[in-house]
Amino acid sequence: MSIIKLSKVYKRYKIDESIVFTALKNVNLEITNGEYVSIMGPSGSGKSTLMHIVGLLDGATEGEVFIRDKNIKGLNDNEVSSLRNTFVGFVFQQFNLINKLTILENILLPTIYSRKQLKFNPEKRALELLSRFGLKGKELSYPNKISGGQQQRVAIARALIMNPDLILADEPTGNLDSKSGAEVLNLLDELNKRDKKTVVVVTHDKEVAERARRIVNIRDGEIIKDSYTK
Amino acid sequence: MARYFWFIIRSAFSDFRRNKLRTFLTSLGILIGVASVVLLIAFGLGLKKYIAQQFESLGTNLIFILPGNEFQKGGSMSGIGMIGGAKFNYKDVQKLRSIYGVADVVPAFIKTISVSSSSETKPSSLYATTANVFRVRNLEIDLGKVFTESDVKKRSKVVVLGPKIADDLFDNKDLAVGKIVRIGNTGFRVIGVLKPKGGGGFGAPDLDSFIYIPYTTGYMFNPDKNFFAIYLKAVDSSYIPLVKKQAKELLLKRYDENKFSVIQQDEILDTVSSIFNVLNLILVLIGAISLLVGGIGIMNIMYVSVTERTREIGIRRALGAQRKDILWHFLAESVILSLFGGLIGLGLASILVLFVQKYFPAYIDLSSVIIALGVSSVIGIIFGVFPARKAANLSPIEAIRYE
Ligand SMILES: Nc1ncnc2c1ncn2[C@@H]1O[C@H](COP(=O)(O)OP(=O)(O)O)[C@@H](O)[C@H]1O
Ligand SMILES: [Mg+2]
C-alpha cells in the first residue's frame, strides 16, 4: 500500500527576476507502507528539498503529491498542519529542539497542537519513550544540558509521540560522533523493524544509506538510481 | 484546552526568564503609564471625596439661596454673577420659614474683618447669623457655649470663635472663653470655642477661622440689614425638591429671576467636580500617551522576538502548529508582558497612594484596578497583534531553514 507518492514533481526557486533555479526535476517516487528507504546524494543535490515536500513542510512547484493515494492539492493550511502533526515525525540534523523548554515539554509539543482528542496519556507515553531511549530521569533537563546523541534521541521521541506512520530523518547523524550516530541509526532500524514505521533517511553518507533496503540516488535534483540492496 | 493554554503561558514565561532585563525594560513603559493613570484616578477620587467631606461637614439636606444666577447655569464659581444680585433681608427669612417641609432657616451676613485680643490682631471672617446655625451646620461646641435665641433678641455682644482664630488670638484656645475681643471699636465677650471642622486650602473658606455672632448684633457692621446667603434645611432629603420649588416661587415675587439662585448641595458638588473632571481628563490623557509609547515599545520588542525566534516558529509549524496557534502564542506573550507592566505599575501606585494617604484621602478603588489591568491587556492585544500575525504568516519551510 502506497504511503506517499510523488508524481512528476518539480521544485523551482526564483533567484531573481530572470534566474530560476530548479532544485527538483521530474521526481517520481513511491514509498510503500513499512519500507526503509534512504535518499542519497551529494550536498546541494536536493535531498532536503525532497524531504520537505514529502513531509508537507513545502509545496511542489509542479506535479502531484499523494498521501495514501489522496492528492494533497485541495488541502488548506490547517489540514496540512494537522497531517504534519499526526502523519509525519521529523528528525533533523540540527535536532531542532526548543532550548527554553524542558526535554519533556519538547516531546509533548506535538500533542499540544493536536486537534483531535488524544487516545493516550501524553505524559505517560513521553516518559515511556524517554526510558526506552535510555533518557530516564532527564525529563526536566533542558536540551543544551545533554549531549548531541541524547538530544537526537529526544528528537526521535518527539517524532514518535503522536504515533505517526512515517518517520523522516534528514542527515540524522550529521552532527554526531560515530558512536552516537550508530546508536541513532540502530534506533531508526528498530523503529522500522519493531514498530513497523515507514522510515526515510536522507544522507550523503553511503554507509548510512546502506542500512536501508532501498536506496534512492539523487543528483542535481534528479533521481538517477532507485534500487534495492541485499 | 486547559493544557494548551497552560503550555502557551508556560512557554511565554520561559522566554521572559531568559530575557529578564529586556522583559523588564519593555514593560517599563506600560508600568509608568499604568502607574500614572492609577495615581491620577486615585488623586481625582481623593479630591472628590475631600470636597464631598467638606460639604458634608456643612450639614445635610441643605438648600442654599445665593445672589446671582451663576450656580444655576452650572458654570464657574467665579462669583461674578453675585455682584448686582439680590440682597436678602430678614423679611425673606421669615417668609421662607413658612415653607412646607422646611425645618430651619439660617441667614448669613459674612464680612471680612480685623479682630484683636489684648495681645494679637488677626484678619477673620465675621459670620452674623441665627442661633440655629450651630445645629444646622453641624458646628459642635468644644469649650464654653454657643449663643442662643435670647442672645439674638437682646443683641448681646457675644462671639463664638472657630478653634483656629481662638488659638491665634489667645496662644491657646483653652484660655479664650470669658475674654474680650475687639472688632472695630466694639468689645465682645467670647462665650464659646467650636471644635475643628477642617477646610481651607484649595480656595475653600477656612471654617475654623470664622467668628460667629448673633445677626442682630451684626447689624452694627451691616447698616443695610442684608444677608449674603440664606440656608434652608429640609425636614429630610425627600423634601428637597419641594422646598426648592416653593422657595423659588416665593423669591420670584420679590426678586428678578436672574438675581438669585436656589440650589442644593449636590449641585455645588457637581459644579466643583465637573471642573475637576476636566482636570482629570487632561491628566488621564497624559497617562494614555505614556501607555501608547509603552505599547509601541512592546510592539517593537515583539517584532524583534519574532525575528529571533523564526526557527522556533518553523519547528512548531513542522510539529503541526497551525497559523492560529502561533498567533495565540505571540499574542499571549505580548499580553502577559503588558499585564506584567500593568501589575507592577498598579503595585507601585498602590504603595505611593498608601504613603500619601496620611496627608490626603487619595484611594484606589476596584474600578482603578479593572482599568489598570484592562488597559494593559488591551494594549498587549493591540500592539501584539501585528507582530503575532507576522509570526503566524511565516512559511514553515522558510522558518525552519532560517539560520
Ligand atoms: N529557498 C531557496 N531559494 C533558493 N535556492 C534554494 C532554496 N532552498 C534550497 N535551495 C537550493 O536548492 C538546492 C538543494 O538544496 P537542498 O535540498 O537543501 O540540498 P541537500 O539537502 O541535498 O544538500 C541547493 O542548491 C540549495 O542552494
Ligand atoms: Mg540537506
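Since the model is a prediction, treat every value here as computed from it, not as a measurement.

## What about the domain arrangement of chain B?
Here chain B is partitioned into domain 1 (2-53 + 272-401) and domain 2 (87-254). On a C-alpha basis, the centres of domain 1 of chain B and domain 2 of chain B stand 55 Å from each other.

## A short note on the nonpolar core
Counting residues in each nonpolar core, the largest one holds 184 residues, and the members touching the most others are L6 and L188 of chain A. Per-element tally for this core: the top contributor is helix α2 (residues 20-56) of chain B, with eleven residues. The residues that make up this core include at least three from each of domain 1 (2-53 + 272-401) and domain 2 (87-254) of chain B. Those residues in contact with L6 of chain A that sit more than four places away from it in its chain are V27, N28, L29, L50, I53, V54, E64 and V65 of chain A.

## A word on the pattern of salt bridges
The tally for this structure, following the rule as stated, stands at 31 salt bridges over all chains. With a shortest N-O distance of 2.8 Å, E333 of chain B and R309 of chain B are connected by a salt bridge. Residue E333 of chain B is found in helix α11 (residues 323-356), and its partner R309 of chain B is found in the loop between α9 (265-308) and α10 (310-318); the two are separated by 24 residues along the sequence. In this structure R309 of chain B comes out as buried when scored by relative accessible area, which is 7%. Here the residues in one salt-bridge network are K100 of chain A together with D15, R309, E312, R316 and E333 of chain B, joined through shared partners.

## A short note on the sheet that holds strand β1 (residues 2-14) of chain A
Residue and element names in this part refer to chain A. Pairing within the open sheet is antiparallel, and its four strands lie in the order β2-β1-β4-β5. In this open sheet, the two strands that pair with only one neighbour each are β2 (20-32) and β5 (70-71). Pairing analysis gives nine bridges linking β1 to β2, with the strands arranged antiparallel. Bridge pairing in β2 places L6 opposite L29. Along the sheet, helix α1 (residues 47-54) makes contact with β1, β2 and β4 (62-67), crossing β1 at roughly 125°.

About the thresholds
Residues numbered from 1 in each chain as written. Chains lettered and ligands numbered in written order. Predicted model: local features only at pLDDT ≥ 70, side-chain atom pairs only at ≥ 80, totals over all residues. Heavy atoms only, no water. Domains from an automatic or database assignment. Core = buried A, V, L, I, M, F, W, Y, C linked by side-chain atoms within 4.5 Å. Buried < 20%, exposed > 50% of the residue type's maximum accessible area, 1.4 Å probe, protein only. Helix = DSSP H or I, 4+ residues; strand = E, 2+ residues; numbered from the N terminus. Contact = heavy atoms within 4.5 Å. Salt bridge = Lys/Arg side-chain N within 4 Å of Asp/Glu carboxyl O. Pairing = 2+ DSSP bridges. Axes fitted to C-alpha atoms, helices over the stretch in contact; angles between N-to-C directions.

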